[in-house]
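Chain and residue survey
Spelled out from the first residue to the last, the chains are:
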Amino acid sequence: MRLASVTVDGTRRAGAVNEAEGMVALLPAAIGTVDDIVRGGPAALDAVRAALADAHPVPLREVRLESPLHRFNRDILCTGWNYWDHFEESQGKREGQDPPQRPEHPTFFTKGPGTVIGPADEIAYDPELSAKWDYEAEIALVIGRDGRSIPEEKALEHVFGYLVANDVSQRDLQRAHGGQWLKGKSIDGTMPLGPWLTTADEIDDLEGLRVQCEVNGVLLQNASSAQMAFSFAQVIAELSRGMTLRAGDVVLTGTPSGIGSARQPQIFLKDGDVIVTRVSRLGELRNEVRRVRLT
């Protein structure tokens, strides 16, 4: 099932997307939002399936797709350096902040929930704030069941579903604040998320997802999820060790090689650029970079 958050006649509704037909079935208000469905467990999904029999389908082109999620428990949880080719491509280019060797465990950081925008929204851009705006196509997952110190073999039982994200980053801010990444990852209105939330039962091959990013029609990132350094299950197991993950938590799982700051010459985003971020079976984001005042 592909759950979307849509705006119809000024009202936000949850819907179930039929991508092949280009339709979305609007769910009754009593079902609640996609956030409610995620937190409602199996009973909420059963209610959605029952409601679909009488749901009103409308063409996707007639609704506004928003970020599927709007109510966050905390910061977005993120995984860095989770494709070895990405880790290696930036060696010597981190302005003295290179780790001495490949990490033996996933590298985690967070970004503020105020970064989240919809799958077709404009990405905020202020060159007075940063001169180095970079793109990072990623697979995101959403936790559907609370858990702490989750064993790796049970980790995927805690996943509600998957979606597409672009962890747009400001590299100079990322380097300027002691080597930690929060500031360079948390600028308002910069992380597209969506286009819908695909439930975990729809994805039978987690190593067969293709992650791509295009900027102005040029393919700059193109990798398989099989290239991950740490699997989805490993990421969840390590992240949850001693730390409770809760239904509704969003976890980004890392970007592959091809980022702008590691290229020769470097490629950074500018006003008017169009970024297309796609993951096979999960959908596509299409966002324009738009100059605004953030400072």
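Use the structure listed above.
One structure accompanies this document, and this report is about it. All of these numbers come straight from a predicted model, not from anything done at the bench.

**Brief notes about the environment of phenylalanine 72**
Along the chain, the position of phenylalanine 72 falls in the loop between β5 (64–66) and β6 (76–80). As a C-alpha pair, phenylalanine 72 and isoleucine 123 span 51 residues in sequence and 20 Å in three-dimensional space. Those residues within four positions of phenylalanine 72 in sequence are excluded, and the remaining contacts are Arg39, Pro113, Val116 and Val250.

**Remarks on unusual backbone geometry**
The linkage connecting glycine 194 with the following residue, proline 195, adopts the cis geometry, with an omega of -10°. Here proline 195 shows up in strand β14 (residues 191–199). The omega angle of the peptide bond from glutamine 264 to proline 265 is -5°, so this bond is cis rather than trans. With respect to the helices, strands and loops of the structure, proline 265 is situated in the loop between β17 (250–252) and β18 (274–279). The residue aspartate 9 is not glycine, and still its phi comes out positive at about 55°. Examined against the element boundaries, aspartate 9 turns out to sit in the loop between β1 (2–8) and β2 (11–18). With a relative accessible area of 78%, aspartate 9 lands in the exposed category.

**Let's talk about helix α2 (residues 41–51)**
Listed in full, the buried residues belonging to α2 are Gly41, Ala44, Leu45, Val48 and Ala51. Along α2, the residues classed as buried sweep out an arc of 125° about the axis, all on the same side. Turned more than 90 degrees off the buried face of α2, the exposed positions are Pro42, Ala43 and Ala50. Residues of α2 that are buried make contact with β1, α1 (34–39), β12 (159–166) and β14.

**Some remarks on the pattern of salt bridges**
For the structure shown, the criterion picks out 24 salt bridges. Aspartate 46 is paired through a salt bridge with arginine 49; the nearest N and O atoms lie 3.3 Å apart. Remark: arginine 49 and aspartate 46 occur in helix α2; sequence separation between them is three residues, near one turn of the helix. Overall, arginine 49 belongs to the partly exposed group, its relative accessible area being 41%. A salt bridge links glutamate 136 to lysine 185; the nearest nitrogen and oxygen atoms lie 2.8 Å apart. Of this pair, glutamate 136 sits in the loop between β10 (133–134) and β11 (137–143) while lysine 185 sits in the loop between α4 (171–176) and β14; the two residues are 49 residues apart in sequence, bridging distant segments of the chain. With relative accessibility at 2%, the residue lysine 185 sits in the buried group.

**A closer look at the environment of serine 225**
Looking at the secondary structure, you find serine 225 in the loop between β16 (218–224) and α5 (232–239). Judged by its relative accessible area of 4%, serine 225 falls in the buried class. For the pair serine 225 and threonine 253, spaced 28 residues apart in sequence, the C-alpha separation works out to 9.6 Å. If we skip the residues at most four places from it in the chain, serine 225 touches Tyr83, Ile139, Leu206, Glu207, Gly208 and Leu209. A polar contact of 2.6 Å, which involves the side chain of serine 225, links it to the backbone oxygen of leucine 206.

**What about the pairing of strand β19 (residues 283–291)?**
Here strand β9 (residues 123–125) runs beside β19; their pairing, made up of three bridges, is parallel. Along β19, the bridge assignment pairs alanine 124 with arginine 290. Note that β18 and β19 share six bridges and pair antiparallel. Looking at the pairing, isoleucine 275 lines up with asparagine 287 of β19.

**A short note on the sheet that holds β9**
Within the open sheet, the five strands sit side by side as β9-β19-β18-β15-β16. Their pairing is mixed. Where the open sheet ends on each side, the last strands, each with one partner, are β9 and β16. Averaged over all pairs of adjacent strands, the angle between strand axes in this sheet comes to 15°, irrespective of strand direction.

**Quick look at α5**
Most of α5 sits inside the fold, with six of its eight residues counted as buried. Listed in full, the buried residues belonging to α5 are Phe232, Ala233, Val235, Ile236, Ala237 and Leu239. On its buried side, α5 packs onto β6, β7 (107–111), β11, β12 and β17.

**Quick word on the pairing of β16**
Here strand β15 (residues 210–215) pairs with β16 via six bridges, running antiparallel. By the bridge assignment, cysteine 213 is partnered in β16 with glutamine 221. The turn joining β15 and β16, which pair antiparallel and follow one another in sequence, is formed by two residues; a positive phi near 55° is taken by asparagine 216.

What counts, and at which threshold
- Residues numbered from 1 in each chain as written.
- Predicted model: local features only at pLDDT ≥ 70, side-chain atom pairs only at ≥ 80, totals over all residues.
- Heavy atoms only, no water.
- Helix = DSSP H or I, 4+ residues; strand = E, 2+ residues; numbered from the N terminus.
- Contact = heavy atoms within 4.5 Å.
- Buried < 20%, exposed > 50% of the residue type's maximum accessible area, 1.4 Å probe, protein only.
- Arc of directions from axis to C-beta.
- Salt bridge = Lys/Arg side-chain N within 4 Å of Asp/Glu carboxyl O.
- Polar contact = N/O pair within 3.5 Å; in protein donor to acceptor, adjacent residues only side chain to side chain.
- Pairing = 2+ DSSP bridges.
- Axes fitted to C-alpha atoms, helices over the stretch in contact; angles between N-to-C directions.

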